[in-house]
Amino acid sequence: MLNWDDLNFFGAIASERSFRKAATRLNLSVNTIRARIGRLEQALGTVLFHRGREGLSLSADGVAVLGIVLEMDATSRRLVTRGGAPLRHSADMLTIGCS
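Anyway, here's the lowdown on the structure attached to this text. (Residues numbered from 1 in each chain as written. Predicted model: local features only at pLDDT ≥ 70, side-chain atom pairs only at ≥ 80, totals over all residues. Heavy atoms only, no water.)

## Some thoughts on the packing of aromatic side chains
Phase 1: Tallied over the full model, the rule gives 2 aromatic pairs.
Phase 2: Pairing phenylalanine 10 with phenylalanine 49 gives two aromatic rings, centres 5.4 Å apart and planes at 50°, and the pair type is tilted. Here phenylalanine 10 is found in helix 1 (residues 4-16), whereas its partner phenylalanine 49 is found in strand 1 (residues 49-52), with 39 residues between them in sequence. Each member of the pair, phenylalanine 10 together with phenylalanine 49, is buried.
Phase 3: Seen from their ring centres, phenylalanine 19 and phenylalanine 49 are 6.1 Å apart, and the 65° between their planes marks the pair as edge-to-face. Of this pair, phenylalanine 19 sits in helix 2 (residues 19-26) while phenylalanine 49 sits in strand 1, and the two are 30 residues apart along the sequence. Pair check on accessibility: phenylalanine 19 and phenylalanine 49 agree, each one buried.
Phase 4: Chaining the aromatic ring pairs together yields one cluster made of Phe10, Phe19 and Phe49. (Phe/Tyr/Trp six-rings, centres within 6.5 Å; stacked < 30°, edge-to-face > 60°. Helix = DSSP H or I, 4+ residues; strand = E, 2+ residues; numbered from the N terminus. Buried < 20%, exposed > 50% of the residue type's maximum accessible area, 1.4 Å probe, protein only.)

## Some words on the nonpolar core
Phase 1: The biggest cluster of nonpolar side chains holds 19 residues, and the ones touching the most others in it are Phe10, Ile13, Ile37 and Phe49.
Phase 2: Per-element accounting of this core gives the leading share, 6 residues, to helix 1.
Phase 3: Apart from the residues lying within four places of it in its own chain, the contact partners of isoleucine 37 are Asp6, Phe9, Phe10, Ile13, Phe19, Phe49 and Arg51. (Core = buried A, V, L, I, M, F, W, Y, C linked by side-chain atoms within 4.5 Å. Contact = heavy atoms within 4.5 Å.)

Set out below in structure tokens:
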């Protein structure tokens, strides 16, 4: 199972084209970001970034994954706001919590 945070981290790195800049933006360490992307690459069985002197660039699979991540992000935003009206709990909705 993929971790949603790892996909968000991937999106931030793709946007920034830098582990360091993405780590700063996400308020995480570079080592954490690198480890999470390594885990994502392992889970997907592919390399998402090419690392070179010029910095990071997306691999072909990275481009494909980025498209999916952007779609997922847009979909999750639509879940929170539908037609400009935030979703509200309805009387017939059961909310379950645990601690």
